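# Structural overview
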Amino acid sequence: MSASVCLPAYNEVRTIEATLTELSRLGPDVDEILVCLNGCTDGTEGVVDAFRGREPRLAVIQSDLGKNHAWNALVTRARNSRLVFTDADVRPAPGAISALLRALERSPRAAVAAAFEQPRGVPPAPLGTVIRLLTTSLGQDYISGRLYAIDRDRLGAVMANRGLLREGTLPQLPIDLVTEDSWLTALVAGDTLVVVPEAPIHFEVDSMADVVRALARNAAAREQLRSSYPELYRRDDARLLSMRTAPRILMERLKSAPGPGAVVRGLGGMALRAVLHRALERRITAQCDRILADVHAGRGGRVMATSGRLPSKGG
C-alpha cells in the first residue's frame, strides 16, 4: 500500500534540504512527500520550492503557525491512508520508514507505529555519558514526535470510539496541545500502538539545557493531559503502570542486538532522570509553568512551532 510522508516545517532553512534529499531516496512505497509550511520567516519556503524541480513526488501546502495546524492540514491533504510524520530537521535511518509501514501492515489493529529513539551527537565524556544515559529509553512505550506512521482510517476510528470526532471523519488534533506525541500516545495506548525497534530515529542532544527543556516540555504535556483530557490521562497512567508493554518492547530491542548493556544503560538512565528531576525540580517546574501559561494565553501555536526544537538547535 502506498504512503505519504508528511513534514510540518517551521523555520527549517538550515536542515530541510538535507532531510528532503534523504526522503527523495525512498522507494515506490512512498508516492507522495508533503511539506506543510506553518509560519516560516527564514527562507524555508524558497529551499522547498527549489527542491520541487528535483523531486516530482514533492508537494507544498501552508497552514497557520503551529505543528498541530500543520498536522491537521497534512492529514486532510494527503492522498493516502498511510501517513509517515517526520520532523523537518530529522533524517530517518535507512529502512526506518519502510519498517514502520510494514509494522502497520502486520498489525491490523495498530493505528500508530512509532520509531525507536536513539540519541547521538552528545558532547564528550563525562558530560556526554550522563546525557546519553538520561536520554536512553529502557523499553520505549511511547510515540516519538520525530518519526511515526499512522493509519488515518484506523486512527479516525479510535478517535470516534473515544468520542473525539464523528465516525467516518478525518482525524484532527486539538490545536492547543503542548506536544502531539504525548496526546497521541495516551489516545492509542495498547494494541493500537506498536513501537518498532527496527525503525531507529537518531536525535542530537548537545547540552544539559536540551535535557532540562525536554523534561519540562514533557511535564507540561502530562499536566495538560491531566487537566484538559482527564479520561486520556487516566488511560495513559494505566498504560505506564502496565507490567506488559515496556518488558515486551525491551525484549524485542534486546533481540535486535544491543545486548545486556542496553539494560544497564536503561536502568542507569532511569535513576539519573529521577536524580535530575529532584535536583532541578524548580528549574523544570518554572519552564513547565511558562509553557502552560503560553498555551492558556492563546499562544499554543507558538509553543507547538518550537516545542520540538531544543535551545542548541536555535529554538
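None of these values were measured; they are calculated from a predicted model.

## Let's talk about the pairing of strand S6 (residues 147-151)
The buried fraction of S6 is high, at 5 of 5 residues. In S6, alternate side chains face the same way, and those of Leu147, Ala149 and Asp151 on one face and Tyr148 and Ile150 on the other are all buried. Relative to S6, strand S4 (residues 82-86) runs antiparallel, the two being bridged by 5 bridges. From the neighbouring strand, Arg82 faces S6, where its bridge partner is Asp151.

## Some details on the pattern of salt bridges
Taken as a whole and judged by the stated rule, the model has 15 salt bridges. A salt bridge links Glu22 to Arg25, with the shortest nitrogen-to-oxygen separation between them at 2.8 Å. Using a relative accessible area of 30% as the deciding quantity, one classes Glu22 as partly exposed. With relative accessibility at 58%, the residue Arg25 sits in the exposed group. Put simply, Arg52 and Asp49 hold a salt bridge, and the shortest N to O gap is 3.6 Å. The exposure class of Asp49 is partly exposed, given its relative accessible area of 36%. One network of salt bridges, in which partners are shared, links Arg82, Glu105, Asp151 and Arg154.

## Description of the nonpolar core
Ranked by size, the top nonpolar core spans 36 residues in total, and within it Leu155 and Trp183 carry the most contacts. Other than its neighbours up to four places away in sequence, Trp183 contacts Met159, Leu164, Leu173, Pro174, Leu177, Leu225, Tyr229 and Leu232. One finds Ala9, Ile33, Ala115 and Leu147 within the second-largest nonpolar core, a separate group that totals 35 residues.

## Quick notes on the packing of helix H8 (residues 208-228) against helix H12 (residues 281-296)
In contact at an axis separation of 8 Å, H8 and H12 are set at 55° when each is read in the N-to-C sense. Taken together, the axes of H8 and H12 lie oblique to each other. Note on packing geometry: the crossing formed by H8 with H12 is right-handed. Across the interface between the two elements, Ala209, Val212, Arg213, Leu215, Ala216, Arg217, Ala219, Ala220, Glu223 and Gln224 from H8 touch Arg283, Ile284, Gln287, Cys288, Ile291, Leu292 and Val295 from H12. Classifying every residue of the contact of H8 with H12 gives 11 nonpolar, 2 polar and 4 charged.

## Looking at the packing of helix H1 (residues 16-23) against helix H2 (residues 44-51)
For any two helices packed against each other, the geometry comes down to the angle between their axes and how far apart the axes lie. Packing of H1 against H2 brings their axes to within 10 Å, and their N-to-C directions diverge by 30°. The angle between H1 and H2 falls in the class roughly parallel. The crossing of H1 and H2 is right-handed. Counting all contacts with H1, which are made through Ile16, Glu17, Leu20 and Thr21, the residues of H2 involved are Thr44, Val47, Val48 and Phe51. Residue composition of the contact of H1 with H2, grouped by class: 5 nonpolar, 2 polar and 1 charged.

## Comments concerning the confidence of the model for the protein chain
Across the protein chain, the average pLDDT comes to 82, with 75% of residues at 70 or higher. The weakest mean pLDDT in the protein chain belongs to helix H10 (residues 245-255) at 56; the strongest belongs to S4 at 97. Across residues 308-315 the pLDDT falls below 50, and counting only partners more than four positions away or on other chains, this stretch makes 24 contacts in the model.

Rules used in this analysis
Residues numbered from 1 in each chain as written. Predicted model: local features only at pLDDT ≥ 70, side-chain atom pairs only at ≥ 80, totals over all residues. Heavy atoms only, no water. Buried < 20%, exposed > 50% of the residue type's maximum accessible area, 1.4 Å probe, protein only. Helix = DSSP H or I, 4+ residues; strand = E, 2+ residues; numbered from the N terminus. Pairing = 2+ DSSP bridges. Salt bridge = Lys/Arg side-chain N within 4 Å of Asp/Glu carboxyl O. Core = buried A, V, L, I, M, F, W, Y, C linked by side-chain atoms within 4.5 Å. Contact = heavy atoms within 4.5 Å. Axes fitted to C-alpha atoms, helices over the stretch in contact; angles between N-to-C directions. Parallel < 35°, antiparallel > 145°, perpendicular 65-115°, else oblique. Left-handed = near helix turned anticlockwise from the far one by under 90°. Nonpolar A, V, L, I, M, F, W, Y, C, P; charged D, E, K, R; others polar. pLDDT = per-residue confidence, 0-100.

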